[in-house]
Structures are given as C-alpha cells and as structure tokens.
Amino acid sequence: MRDLVGWRVVVSALVVLFAGAVPACGQAASGLDLSVVPGAGSSGSSGSPGAAEGARLGRSTGDPGSGRRAAYGLTAVEGIEVGHFTLSERPTGCTVILTRSGAVAGVDVRGGGPGTRETDLLNPVNMVQEVHAVVLSGGSAFGLDAAQGVVRWLEERGIGFPTGVARVPIVPSAILFDLGVGGKPHVRPTAECGYRAAERASSGPVEEGSVGAGAGATVGKMAGPGRSMKGGIGTASITLPNGLTVAALVAVNPVGDVIDPATGRVIAGVRTEDGRGLADVRKLLRSGALIRGRSGAGVENTTIGVVATNAKLDKAQANKVAQMAHSGYSRAIYPVHTPADGDAIFALATGAYDGPVDVGLIGALAADVMADAIVRAVREATGVAGIPAVRDLPSGAER
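Residues numbered from 1 in each chain as written. Predicted model: local features only at pLDDT ≥ 70, side-chain atom pairs only at ≥ 80, totals over all residues. Heavy atoms only, no water.

Chemist: Hey, could you go over the packing of aromatic side chains for me, with residue numbers and the actual values?
Modeler: According to the stated counting rule, one finds zero aromatic pairs in the structure shown. Positioned over the ring face of phenylalanine 142 is arginine 188, at 3.6 Å from the centre of the ring. (Phe/Tyr/Trp six-rings, centres within 6.5 Å; stacked < 30°, edge-to-face > 60°. Lys NZ or Arg CZ within 6 Å of the ring centre and 35° of its normal.)

Chemist: Describe the sheet that holds strand β13 (residues 265-268), with residues and values.
Modeler: Taken together, the three strands give an open sheet; going across it, the order is β13-β12-β15, and neighbouring strands pair in antiparallel fashion. The open sheet is flanked by β13 and β15 (333-334), the only strands paired with a single partner. Direction of pairing for strand β12 (residues 257-260) relative to β15: antiparallel, over a ladder of two bridges. In the strand pairing of β15, valine 258 is matched with isoleucine 333. In the packing of helix α7 (residues 359-380) onto the sheet, contacts are made with β12, β13 and β15, and the angle to β12 comes to roughly 115 degrees. (Pairing = 2+ DSSP bridges. Helix = DSSP H or I, 4+ residues; strand = E, 2+ residues; numbered from the N terminus. Contact = heavy atoms within 4.5 Å. Axes fitted to C-alpha atoms, helices over the stretch in contact; angles between N-to-C directions.)

Chemist: Before we move on, can you summarise the confidence of the model for the chain with the specific residues and values?
Modeler: The share of residues in the chain with pLDDT of 70 or more is 79%, and the mean pLDDT across the chain is 84. Counted against residues more than four places away or in other chains, residues 29-67, with its pLDDT under 50, gives 80 contacts. Overall, residues 293-297 carries pLDDT values under 50, and its contacts beyond four positions in sequence, including any with other chains, amount to eight contacts. (pLDDT = per-residue confidence, 0-100.)

Chemist: Please set out the nonpolar core residue by residue, giving values where relevant.
Modeler: With 46 residues, the main nonpolar core has Val252, Val258, Val307, Val321, Met370, Ile374 and Val378 as its most contacted residues. Mapped by element, the contributors of at least two residues to this core are β10 (232-239), β11 (245-252), β12, β13, α6 (315-332), β16 (344-349) and α7. With 12 residues, the top contributor of residues to this core is α7. Ignoring sequence-local partners within four residues, the contact set of valine 378 consists of Val219, Lys230, Gly231, Val252, Val258, Ile267, Ala268 and Val390. (Core = buried A, V, L, I, M, F, W, Y, C linked by side-chain atoms within 4.5 Å. Buried < 20%, exposed > 50% of the residue type's maximum accessible area, 1.4 Å probe, protein only.)

In structure tokens, the structure reads:
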C-alpha cells in the first residue's frame, strides 16, 4: 500500500509539473473550441419540481434560485458540491461530486461492461475510509482521465488522504459510452475537463439535462441508435421531518427504455419506425422482434450515478445503500444491468446528521430518489445530433 501511495504521489506531482504542456480539455487529436456549453437542462425545462411532485415523495422543493444551499437534489446533502463541464465540439463532458471534508463511500457495480477507477478502495476490508470526490464522465474508458484533473485540483488545496509525505486525493470514477454521438469520437473528456468541473462545483442547485456526463447520453438503443432518444443528468432528494436527507444524481445512458414508476408508462426509449412515438421495448422483446443473437446494441450504454446521505455510515453500510439504490434503476429502466451496460452506483455519507441510523430506510429512500432522478434526466434533456428528447415527441407519445 505504501509503495502504491508513493507512486500516486509521484504521478500527481508530474501532472502538476507538466500542466502547461497538457492538451486543453478535449484536445485528443487537434485544437478544439473548448468554450463551455450552457447546459440545456435549465432552458425551457421544468426546472425544480413543483409542489405537487414534491408532495408525492414527501420531499422539500425549496427555491432553486435563492442562492443558498439547494433544497432539492444531490446538493441538498450538507458537504456535497456538484460541478459540470460540457465540451462544445461534441456532446460529452464530465460531472464532479466534491466532498472536500471527506465522505464515507461505497459502490455497487451491476452492468456487464463497466469502466471504473478506485472502486476496490471502497471495499469495507480495505484501509481508506473516505473519498474526496466522485467523477462521472462520458468518453468511454478515455473519460477516466477526467478524475486525474480532479486529483490535481484537490491536491493544490491540500485535500487528500494523509500519507506522512503528502495528501493523496481519493477520487473514484465511472464512465459511460457516448463516443458515437456527435461524429467526433476523438473528442472526449480529459484531465483538464475534470479540473474545470471541480472549479465550477458548488452547493447550489444542480443543473440537469444535457450537461456534463449526460451531454452525450442516450436511451433506448435496443433497435439500433437510429431509433434512440436523448438521456442526460437528473437529480432528486428527500428530507424527512427529523432532518435525514437522501439524494441521488445520475447520468442516464441505458440500452433500455426509461419508465415512470408512478404510472408504469414508457417516457423515453426505442421509438417507433416513423420516429414519432414510443415502441415500448417490453412489447418488442416479448414479441421476439429484437432477436438478433446478442443482447443490446453494442456497448454504447451504461447508467452511472451517486446516492448521498447526511447520515453517519461506515463503509459496509454505504455499500449496502449503493446496492439497494439499484432498485431505483430496476424501477425506471427496462431492461437494466444487461451485458451491454456498465451500470454502477456510488454511495456517499457525509455524517452531518446526528440522528439514529436505519440503513434499510436509507437504502429504500435511495432507490426512490434514484428512480425519480432517472425520470427527471430524460425529461430535462434536449435533443442533439438528430436524437430527439422527450420534449420533441408529439403530445401523448408516452406508452
């Protein structure tokens, strides 16, 4: 372990030393326009949920424009900050969840094609107890580079695991496959993207929709990419009367459809052949219409997310919460956890809440808010690169 930590310190130092020579964010093959694209999730979208929707889950909706800590979404959990960076040359980007003071973490990976970093550290038998950030990124395995930029950002501020000679930031990460969206697969998040996302992180309202790790996310690819729809970033939370808060943030990019658990209706996914309605992949699978000798349409998928609570949990409990949160995936995505998905959920516990801990309750609420965040992700998304969003379909298209 000591040798491994020392190696990482050397790598971090080299990253800082040569920062000026590193290509700018997204410059994998050539000079690119790297201006930040404002997330479409805030323009013409439903924004923070209304009182009726909030009442359905018993959560606080608050006022997202107040400038105070968000009353809704992942940043409703004290100690959590969220920042996005979205590239302009192609729909892709990264999302950083900062826990500057550290947070106990767990993870549960269910999909058959995951891309992750530092997840072994979250096993309860291993030494490190807290993480300092989690990174969700587009760009497939190339997007794992974004985490190194967050490591650099944290190191510059003296945040990390104390080793005696340096503080080493602990930054787990997961990626999704979006290289086929936008026609420029050489454009993907780099370490500089992660650094910029960390710079933009705040405890304010979280931008949703086609932004950050969700910029190139799509859903409903079981009949091929030509009949898919736009995915994105969504977030949701619930605060109980006793002050316990549980929240979720997710980048929705599954091979399957998205279903609203409240109605059981498909709201985004495989479109009909004319592109104007929803085919309902549940019916397509049961009819045999999608039999083609393999599961899913390639590996261009994966839903990755984070659940967080202000409760005090240990690593074993955090891992259990991450495990239970996958029930939210199962309620809102069909099919889910396929060989063509790399589905993963991280769980964070900041410990700001001093009340009693009921892991079963926290896990159940985590599943609730995760399902709600998935629904919000597709409803807040905007169409891109010929791929329509929910808002682009004719009224009454839901199945």
